[in-house]
Amino acid sequence: MAAITASMVKELREKTDAPMMECKKALTEAEGDLAKAEEILRVKLGNKASKAATRVTAEGIVGTWISADGKLAAMVELNCETDFVAKNDDFLAFGATLAELVATSNPADVAALSGLEIGGKTVEAVRSELVGKMGENMSVRRFERIEAQGQVSSYIHGGAKIGVLIDLVGADDELGRDLAMHIAASKPKALDASGVSSELLDSERRIAIEKAREAGKPEAMLEKIADGTVNKFLKEVTLLGQVFVKAEDGKQTIEALLKSKSASVARFVLYIVGEGIEKKVDDFAAEVAAQAAAAKK
């Protein structure tokens, strides 16, 4: 059996917010497999065991650029160390410039973007200058570029911490903005079921079966219960399956809304700054105590 270390328990606790002893028990049962241990906690504790996975942890902004005709757009996530720098005008301008550069130059990846020029200097050189000026490290984490089938609408929320681009076909910008706001609020993982990974669906199915089994449901019913759980999950995590946040009856799905407008969504991009990155939390009291102890020596 694999040895369960303190660092493994800490990693699982940070990911799930579950009690430390529950994390250790789950890791022991899973023989050290972190993913399996997380599933075990989901069975025991429900969705509470995965809430930490969606926490926004790193600082920075989402920068966007859209052409005047809405046919070309880009979005960039630019990270830094503190929220103070994220609000700096030069930092914000750098993010906007990067988004325009991505749209107009179409770099293959972040490395290629770093080699492009802004006013005669490479992106990397401009980044380095900003690091020196602000005394903080910063990095370009990711970007997306859209050549629209219809027209791109956008929505930026929370001081540029959440950004959405949506390529809407057959409707006006008002509906596009409403849908972008919905995406920012409801955070779908995909447009429809085809965009949800089989691994994620298999995980939801296994969890549903184990929870039903622990609840004493007959073995013959487990697959049917799992089917219902997965279908409900798909409605919650796919844009077309979600109920529109502005639906007057509280029931109209995005799919139904689009059908009523003879419109469709070609694609969407949702960025949440720092999503999936664990942020270092400094223990000020411990730091002071350590400094005091060092001074005595």
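Refer to the structure presented above.
Read on for an overview of the structure. (Residues numbered from 1 in each chain as written. Predicted model: local features only at pLDDT ≥ 70, side-chain atom pairs only at ≥ 80, totals over all residues. Heavy atoms only, no water.)

1. Describing the sheet that holds strand E5 (residues 138-147)
Strands in a sheet are paired, the pairing made by backbone hydrogen bonds, and the direction either parallel or antiparallel. What counts here: DSSP-based pairing: two strands are paired if at least 2 bridges between them are found. Working definition: helices are DSSP H or I runs of at least four residues, strands are E runs of at least two. Numbering for both runs from the N terminus. As a rule, the C-alpha atoms of each element are fitted with a line to give its axis, helices using only the stretch in contact, and angles between N-to-C directions run from 0 to 180 degrees. In what follows, a contact means two residues having at least one pair of non-hydrogen atoms within 4.5 Å.
The strand order E1-E2-E5 describes an open sheet built from three strands, whose pairing is antiparallel. In the strand order of this sheet, the two ends are held by strand E1 (59-66) and E5, each with one partner. For this sheet the average axis-to-axis angle between neighbouring strands, irrespective of direction, equals 15 degrees. Along the sheet, helix H5 (residues 89-105) makes contact with E1, strand E2 (72-80) and E5, crossing E2 at roughly 140 degrees.

2. Remarks on the packing of aromatic side chains
Applicable threshold: Centres within 6.5 Å are what make two rings of Phe, Tyr or Trp a pair, Trp counting through its six-membered ring; a difference in plane orientation under 30 degrees is then read as stacked, over 60 as edge-to-face, and the rest as tilted. Whether a charge lies above a ring is judged from NZ of Lys or CZ of Arg, which has to be within 6 Å of the ring centre and within 35 degrees of the ring normal.
Going through the model one piece at a time under the given rule, you end up with zero aromatic pairs. One residue, Arg142, lies across the ring of Tyr271, its end atom 4.0 Å from the ring centre.

3. A short note on the pattern of salt bridges
Inclusion rule: For this analysis, a salt bridge means a side-chain nitrogen from Lys or Arg found within 4 Å of a carboxyl oxygen belonging to Asp or Glu. Relative accessibility under 20% of the residue-type maximum defines a buried residue, over 50% an exposed one, and the middle range a partly exposed one, all with a 1.4 Å probe and only protein chains included.
A complete count under the given rule lists 16 salt bridges for this structure. For the salt bridge of Glu77 with Arg142, the shortest nitrogen-to-oxygen distance reads 2.6 Å. With Glu77 in strand E2 and Arg142 in strand E5, the pair connects residues that are 65 residues apart, well separated along the chain. Judged by relative accessible area, which is 0%, Glu77 ranks as buried. Each of Glu59, Asp83, Lys87 and Lys161 takes part in one network of salt bridges that share partners.

4. Thoughts on the packing of helix H3 (residues 34-45) against helix H9 (residues 198-214)
So the rule is basically this: Angles below 35 degrees are treated as roughly parallel, those above 145 as roughly antiparallel, those between 65 and 115 as roughly perpendicular, and all remaining angles as oblique. By definition, turning the near helix anticlockwise from the far helix through less than a right angle yields a left-handed crossing, and turning it clockwise yields a right-handed one. Under the grouping applied here, Gly and all other residues not named as nonpolar or charged are polar, the nonpolar ones being Ala, Val, Leu, Ile, Met, Phe, Trp, Tyr, Cys and Pro and the charged ones Asp, Glu, Lys and Arg.
Across the interface, H3 lies against H9 with an axial gap of 9 Å and an inter-helix angle of 45 degrees. It follows that H3 is oblique to H9 by the angle criterion. The chirality of how H3 crosses H9 is right-handed. Contacts from Glu39, Arg42 and Val43 in H3 reach Ser203, Glu204, Arg206, Ile207, Glu210, Lys211 and Glu214 in H9. Per-class residue counts for the contact of H3 with H9 are two nonpolar, one polar and seven charged.

5. Details of the sheet that holds strand E6 (residues 151-157)
Spatially, three strands are ordered E6-E7-E8 in an open sheet, and the strand pairing comes out antiparallel. One side of each edge strand has no neighbouring strand; the edge strands of this open sheet are E6 and strand E8 (264-272). The average angle at which neighbouring strand axes cross in this sheet is 15 degrees, direction not considered. Note that strand E7 (residues 162-169) and E8 share eight bridges and pair antiparallel. Bridge pairing in E8 links Leu168 to Val265.

6. Section: helix H8 (residues 173-186)
Note that an α-helix has 3.6 residues per turn; residues three or four places apart therefore point the same way. Spelled out, the test is: Here a helix's expected span is defined as the number of its residues, less one, multiplied by 1.5 Å.
Between the first and last C-alpha of H8 there are 20 Å, a value that for 14 residues agrees with the 20 Å anticipated at 1.5 Å per step. All of the buried residues along H8 are Leu175, Gly176, Asp178, Leu179, Ala180, His182, Ile183 and Ala184. On its buried side, H8 packs onto E6, E7, helix H11 (254-260) and E8. Just downstream of H8, Lys187 is the residue with a positive phi angle, here 50 degrees.

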